[in-house]
Amino acid sequence: MLDEIIRTGTIALAMAAVAAAAQGGEDPFPQFQANVAALVANQTPGATGARLQFTNPAVATGAAQMYGVDAQISLQSFDARACRFAVKVENPAAQLPPALLTGTCTPVARIPVAARDLRPGEPLTGDAIVETEEALARIPANTIREKADLSGRTPRQPLTAGRPIAVTAVRVKPVVEKNQAVTLRFVMDGLELTAQGQAQGDAALGEPVAVLNLRSKKIVDAVAAGPGVAEIRNPQPARIAAN
């Protein structure tokens, strides 16, 4: 059956490719190719698309012209290891024999990348991040796959433009930064005391941070409670006096 499809389909589509080249007009091939790519991508976990290389590009172009936008495309076979595919194209209304198209593919996925080289601490907002299409085989397993997952984060290390961003390469934007002057709050039983301090490291909201109490010149362990604020909750009275 498939041999018959190949034989009759290839002859008809080769003729259609010649006719299509002469007719001009709007090219239906891009949408046709996108439909085939979607079928192929569905066979590969994590892929959002696929780059296709048809065995006979002229026949594939002819298929797009002959069967039109109402073409019914079904996957006949898929070799995941070699990424080889075969699809059947038909359109009963066109009264044409079905055609079998074969080819190879490269599964791809859209991922967020830095639009330019970024330094640690720069905000990952606005035009700093763009989306690009990358071959799935070249995307490391620990790559951030969604642009939304970078919201509120900042580079932990330099980011190279156009390269996949590892989960470990970013962190939540700190609310307290190293050497920053901070308000040190002691909160106990509804009472609150404050002192001026200097952060000894960076910390995101809720993360621990060491703070130098500028009055006592002692370093205390606190928690980042907001922009420029570090807090010690329910400390022992003796600890307050000591600090």
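Residues numbered from 1 in each chain as written. Predicted model: local features only at pLDDT ≥ 70, side-chain atom pairs only at ≥ 80, totals over all residues. Heavy atoms only, no water.

## Comments concerning the overall build of the protein
- Within the protein, the secondary structure is distributed over four helices and twelve strands.
- Burial statistics for the protein: of 243 residues in total, 37% are counted as buried.
- Restricting to contacts in the protein with at least 6 residues of sequence separation, those with at least 24 account for 52%.
- When the accessible area of the protein is evaluated, it comes to approximately 13,800 Å², of which 51% is carbon and sulfur surface. (Helix = DSSP H or I, 4+ residues; strand = E, 2+ residues; numbered from the N terminus. Buried < 20%, exposed > 50% of the residue type's maximum accessible area, 1.4 Å probe, protein only. Contact = heavy atoms within 4.5 Å. Areas by Shrake-Rupley, 256 points an atom, 1.4 Å probe, with all protein chains shown as cover.)

## With respect to unusual backbone geometry
- A positive phi angle, near 55 degrees, is found at Cys-83, a position not held by glycine.
- Relative to the helices and strands, Cys-83 resides in the loop between β2 (72–79) and β3 (84–90).
- Notably, Asn-179 is not glycine yet its phi reads approximately 70 degrees, a positive angle.
- Assignment of secondary structure puts Asn-179 in the loop between β7 (170–172) and β8 (181–188).

## A short note on the pattern of salt bridges
- Per the counting criterion, the structure on display carries nine salt bridges.
- With a closest N to O distance of 2.9 Å, Arg-171 and Asp-202 form a salt bridge. Of this pair, Arg-171 sits in strand β7 while Asp-202 sits in the loop between β9 (191–199) and β10 (208–213); the two residues are 31 residues apart in sequence, bridging distant segments of the chain.
- Overall, Arg-171 belongs to the partly exposed group, its relative accessible area being 24%.
- Taking the relative accessible area as the measure of exposure, Asp-202 reaches 34% and is therefore partly exposed.
- Here the salt bridges do not stand alone but share partners, grouping Arg-116, Arg-119, Glu-122 and Asp-127 into one network. (Salt bridge = Lys/Arg side-chain N within 4 Å of Asp/Glu carboxyl O.)

## Brief notes about the sheet that holds β9
- Reading around the circumference, β8-β9-β10-β11-β12 is the order of the five strands in this closed barrel, with mixed pairing throughout. Averaged over all pairs of adjacent strands, the angle between their axes in this sheet comes to 50 degrees, without regard to strand direction.
- When β8 meets strand β12 (residues 229–233), the two strands line up parallel, connected through five bridges. Bridging from a neighbouring strand, Val-187 pairs with Arg-233 of β12. (Pairing = 2+ DSSP bridges. Axes fitted to C-alpha atoms, helices over the stretch in contact; angles between N-to-C directions.)

## With respect to the nonpolar core
- Grouped together as the largest cluster of nonpolar side chains are 22 residues, with contacts concentrated most on Phe-32, Val-36, Leu-52, Phe-54, Phe-85, Val-89 and Leu-101.
- Secondary-structure elements contributing two or more residues to this core are α2 (29–41), β1 (49–54), α3 (57–67), β3 and β4 (99–114).
- When neighbours within four sequence positions are excluded, Phe-32 is seen to be in contact with Ala-60, Ala-63, Ala-64, Ile-73, Val-89 and Leu-101.
- Core analysis: the next-biggest nonpolar cluster, separate from the first, contains 14 residues, Ala-203, Val-211, Val-220 and Ala-222 among them. (Core = buried A, V, L, I, M, F, W, Y, C linked by side-chain atoms within 4.5 Å.)

## Quick look at the side chain of Thr-44
- Within the secondary structure, Thr-44 is located in the loop between α2 and β1.
- Classification of Thr-44 as buried rests on a relative accessible area of 18%.
- Dropping the residues within four chain positions of it, Thr-44 is found in contact with Phe-78, Pro-107 and Leu-136.

## Digging into the confidence of the model for the protein
- For the protein, per-residue confidence averages 86 on the pLDDT scale, and 86% of positions sit at 70 or higher.
- In this model residues 1–8 is a low-confidence stretch, pLDDT under 50, and it forms eleven contacts with partners more than four residues away in sequence or in other chains. (pLDDT = per-residue confidence, 0-100.)

## Details of the layout of surface pockets
- In this structure, the largest pocket occupies an estimated 200 Å³ of space.
- Around the largest pocket sit Glu-134, Arg-138, Pro-140, Gln-157, Pro-158, Leu-159, Thr-160, Arg-163, Pro-164, Ile-165, Ala-166 and Ala-169, which together line it.
- Counted by class, the lining of the largest pocket contains seven nonpolar, two polar and three charged residues. (1 Å grid on protein atoms, 1.4 Å probe; cavity = no way out; pocket = protein on both sides within 12 Å on 5 of 7 lines; lining within 4 Å. Points joined across faces, edges and corners; volume = space filled by probe spheres on them. Nonpolar A, V, L, I, M, F, W, Y, C, P; charged D, E, K, R; others polar.)

## Remarks on the state of the cysteines
- Taken as a whole and assessed by the stated rule, the structure comprises one disulfide.
- The disulfide that involves Cys-83 links it to Cys-105, with 1.9 Å between the sulfurs. Between Cys-83 and Cys-105 the sulfur-sulfur dihedral comes to about -75 degrees; the bridge is accordingly left-handed. Of this pair, Cys-83 sits in the loop between β2 and β3 while Cys-105 sits in strand β4; the two residues are 22 residues apart in sequence, bridging distant segments of the chain. (Disulfide = S-S within 2.5 Å.)

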